[in-house]
Amino acid sequence: MEDLSATLDRGQTKARMSIQEMHEYEKQQARISWSRIRVTVARVMESIQFELAMGGIICLNAILIIRETDLQADGGHEPPWMIVAEVILLTIYSLDLFARLFIYRWRFFHSHANKL
């Protein structure tokens, strides 16, 4: 695990490591012991299925933004279902953020991808 420690010391983040590597590093450093739920959430969040689902949700959100812009440009108002969809998307994004904070903890803020 010295390689992993050296990688982190050079400024690379845990976001580039696998969940297993992160867990092993954390165990070796005796900083924290990952709970079963934290490991489970991490496995789900790092799965390709979850990434594809989030990509689809982002595309859906882009479509809704385009539609809302078109409606406002024409002087119309967005329909109630669009407001509900925006609240649902905001909830999904918030849950994703909280789950990532739960998994990565303070290291979440060291990843450039998370700062976007």
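Here, every reference points to the structure presented above.
Residues numbered from 1 in each chain as written. Predicted model: local features only at pLDDT ≥ 70, side-chain atom pairs only at ≥ 80, totals over all residues. Heavy atoms only, no water.

A. Quick peek at helix 5 (residues 80-104). Taking 1.5 Å per residue, 25 residues should reach 36 Å; helix 5 reaches 36 Å between its end C-alpha atoms and fits that length. Backbone geometry just after helix 5 places arginine 105 at a positive phi near 55 degrees. (Helix = DSSP H or I, 4+ residues; strand = E, 2+ residues; numbered from the N terminus. Expected span 1.5 Å × (residues − 1).)

B. Region of the structure containing the environment of leucine 90. Counting through the fold element by element, leucine 90 comes out in helix 5. Exposure remark for leucine 90: the relative accessible area of 55% places this residue in the exposed category. The spatial distance from the C-alpha of leucine 90 to the C-alpha of asparagine 61 is 9.7 Å, given a sequence separation of 29 residues. (Buried < 20%, exposed > 50% of the residue type's maximum accessible area, 1.4 Å probe, protein only.)

C. Summary view of the packing of helix 3 (residues 36-45) against helix 5. The contact between helix 3 and helix 5 brings their axes to 9 Å, and the two run at 125 degrees. When the axes of helix 3 and helix 5 are compared, the pair comes out oblique. Handedness of the crossing formed by helix 3 with helix 5: left-handed. Here Ile37, Arg38, Val41, Ala42 and Met45 of helix 3 lie close against helix 5, whose contacting residues are Asp96, Ala99, Arg100, Phe102, Ile103 and Tyr104. Class assignment for the residues of the contact of helix 3 with helix 5 results in eight nonpolar, no polar and three charged. (Axes fitted to C-alpha atoms, helices over the stretch in contact; angles between N-to-C directions. Parallel < 35°, antiparallel > 145°, perpendicular 65-115°, else oblique. Left-handed = near helix turned anticlockwise from the far one by under 90°. Contact = heavy atoms within 4.5 Å. Nonpolar A, V, L, I, M, F, W, Y, C, P; charged D, E, K, R; others polar.)

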